[in-house]
Amino acid sequence: MDDPYQNNVNQGGQDGYPYQTDYPQQDDDAASDATEGADEDDQMYEGEYQGIPHPDEIKMARRAARLEAKRKARLAEQQEEEESLPEQYESIMEDCGHGRFQWMLFFVLGLALMADGVDGFVVGFVLPSAEKDMCISNADKGLLGLLVYVAMMVGALVWGGLCDKMGRRKCLIYVLTIDLVFSFLSCFAQGYGFFLFLRICSGFGIGGSIPIVYTYFTEFLQMDKRGEHLSWLCMFWMLGGLYASFTAWGIIPHYGWGFAIGTQFQIHSWRVFILVCLFPALAALIGVVFMPESPRFLLENARHDEAWMILRRVHDTNWKAKGEPERVFTVTNIKTPQTEEDEFIEIQSDTGTAFQRWTVRKMTMLQQISSSLKCFLVAVFISYHGLGVWFPDMIKYMQYEEYESKVKVFHRERVERFHFNFSLVNQIHREGEYIHDKYGFIKSVKFEDSLFENCYFEDVRSTNTFFENCTFKNTIFYNTDLWQEKFKDCRLENTTFLHPKKGCHLNFQEENDIVIYMVSFLGSLAVLPGNILSALFMDKIGRIRIIGGSMLASSACTFLLLLSFSQGAVICWQCLFYAVSVAAWNGLEVISVELYPSSKRGTAFGILNGICKFAAILASFIFAVFIGITKIIPIFLAFAALVCGGLVALKLPETREKILS
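About the cut-offs
- Residues numbered from 1 in each chain as written.
- Predicted model: local features only at pLDDT ≥ 70, side-chain atom pairs only at ≥ 80, totals over all residues.
- Heavy atoms only, no water.
- Buried < 20%, exposed > 50% of the residue type's maximum accessible area, 1.4 Å probe, protein only.
- Helix = DSSP H or I, 4+ residues; strand = E, 2+ residues; numbered from the N terminus.
- Pairing = 2+ DSSP bridges.
- Axes fitted to C-alpha atoms, helices over the stretch in contact; angles between N-to-C directions.
- Disulfide = S-S within 2.5 Å.
- Parallel < 35°, antiparallel > 145°, perpendicular 65-115°, else oblique.
- Nonpolar A, V, L, I, M, F, W, Y, C, P; charged D, E, K, R; others polar.
- Salt bridge = Lys/Arg side-chain N within 4 Å of Asp/Glu carboxyl O.

Digging into the pairing of strand β5 (residues 424–430)
Summarising burial for β5: five of the seven residues are buried, a large majority. Pairing of strand β3 (residues 408–411) with β5, which is carried by four bridges, proceeds in the parallel orientation. Of the residues in β5, the one forming a bridge with V409 is I428.

Concerning the sheet that holds strand β7 (residues 438–439)
As summarised here, the arrangement of the four strands in space is β7-β10-β14-β17, forming an open sheet in which the pairing is parallel. At either margin of the open sheet sits one strand with a lone partner, and together these are β7 and β17 (496–498).

With respect to the sheet that holds strand β4 (residues 414–416)
The parallel open sheet is built from five strands, whose spatial order is β4-β6-β9-β13-β16. Of all strands in the sheet, those with a lone pairing partner are β4 and β16 (491–493), marking the two edges. For this sheet the average axis-to-axis angle between neighbouring strands, irrespective of direction, equals 5 degrees.

Some details on the state of the cysteines
What makes a disulfide is a covalent bond joining the sulfur atoms belonging to two cysteines. Under the defined criterion, the tally for this structure stands at zero disulfides. The thiol of C470 is not disulfide-bonded; the next cysteine sulfur, from C490, is found 4.8 Å away.

Description of the packing of helix α8 (residues 223–251) against helix α15 (residues 515–541)
Axis separation between α8 and α15 bottoms out at 9 Å; the angle between their running directions is 170 degrees. Classed by the angle they form, the pair α8 and α15 counts as roughly antiparallel. Broken down by class, the residue content of the contact of α8 with α15 amounts to 18 nonpolar, eight polar and five charged.

A short note on the pattern of salt bridges
This model, assessed by the stated rule, comprises 15 salt bridges. Across the pair R327 and E324 runs a salt bridge whose closest N-O atoms are separated by 3.8 Å. In the salt-bridge network here, residues are joined through shared partners; they are D164, R168, E219 and R601.

In structure tokens, the structure reads:
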């Protein structure tokens, strides 16, 4: 007789779970009271009592593990590509050699840098003449210089970023074209407002030249040539200052070199000077048109074939010039890094929104830039540009003090029936009486509480001349530039103005002060020794030592400024300071292009250059306040900034043997 329990076991053994058949199926009404009223979503997975994960959790964990593995693989692959491309590119540039192509590009980009140097001097040189030609007040004159520099700062920020997106060559062509067009139009602007607008547009254009030029040239140089040849390139900015100073010295004082178109359209010599200053930018534009795009930029943007053709052109040009035209460009495959668009697509499904990812990229780049050079640059340029403003302003103040000390004062004089056929210069006349007199050229003369009766002013050209609380009886003003603003609280009885020259006019008989041109010329020339030494030793002793040593030596030179008791002494110490400090400037330009990857190099350099110009604007305000008050505070500020900058420079990474990333 069969055992019923054994039959159940055998039958259940076929299913694998014999114990499940021992329990009868429960009715719905017999469900446990513990689960009564509970939702299905709130029911706990029964495997949790035994530590068994939920199937959904297993799927999520596996998916996360796959994403993490893909991410690590992608990063490893990208890192391998990024590490191999710089090394391969460096070996390609070594194979291409350094020769005719680099020297041609050197002179073309040097002319573009020279154009930037010229533009830095143009406004300062033309203002003394332009302010008379266009009736520019002191406030408007200061606004002109400020806004042009602000435009150059904005231009550095904008064009530095664009050259990483559009290309170095294309952006440099745009920059030079904008500068040429608006500078040319500014030569013919007759009103201050239009002239200001055109100079701002010109400054916006040329402000982007420095970031583009250094980025462009760096990517055609091999590692052991970068420091030296970038330092030689810096000399063109000095040549721009020499060119502007020399041409201003030779053109602006010669008023006869101008011409007129009709009666309202006057082209004086200072406008001719602006035209002459366009030649470096024009020559640079023509040269850049025949230069190729940076192959490193093309590789960063996955334009492999174009980059290969340009590298072959560089190779063939150099070796043909060296007498080895048979050498063949053997590179057949160049690694192309992952582009930013590919990276964007790959991470699109992983993190955040597109705007969040873009914000993270830009903020990370800004933090990298600011953490390495911002404090150092501000220290350099507050001192360098601050003293650059302080030197010429101090000379002008000394000239003014000397002029004021020679003023002649006349008190209660009586002059009757006299013809002043000579110039009245730098005089003060108080309570005088002038009867039946005739006047000509008057410069910096002030009449106070005086009487003019039956006098005749003919063809009078006046500069800084005023009449205060004076009485005019039966007096004629014929063809003079004496207008209402020249008479303060004066009484005019039976006085006639015939053919008055209203507005501001250039005074053709007034001597032009050439001291400012000479100071700028000598200051630009003084940096020549520093440029040569920095170029020769940049690759031998390193960028950091050049920068730190130059800044600490410059800080010691600032104390010599305490001995500046004459114009000659100021000029002497200015030349010494420029000669010593220019090495730090050159080292700064070199290290700025070597610290950052090729895809961000122009943007980073543009931001740094914008910070420099902002520091220069700030320094101009700070140092100008103390002109004529004290020399101690400007000297102390310059000393502190240079010492701090020199110490910070020693903390920067050395890039002498660094392959461009």
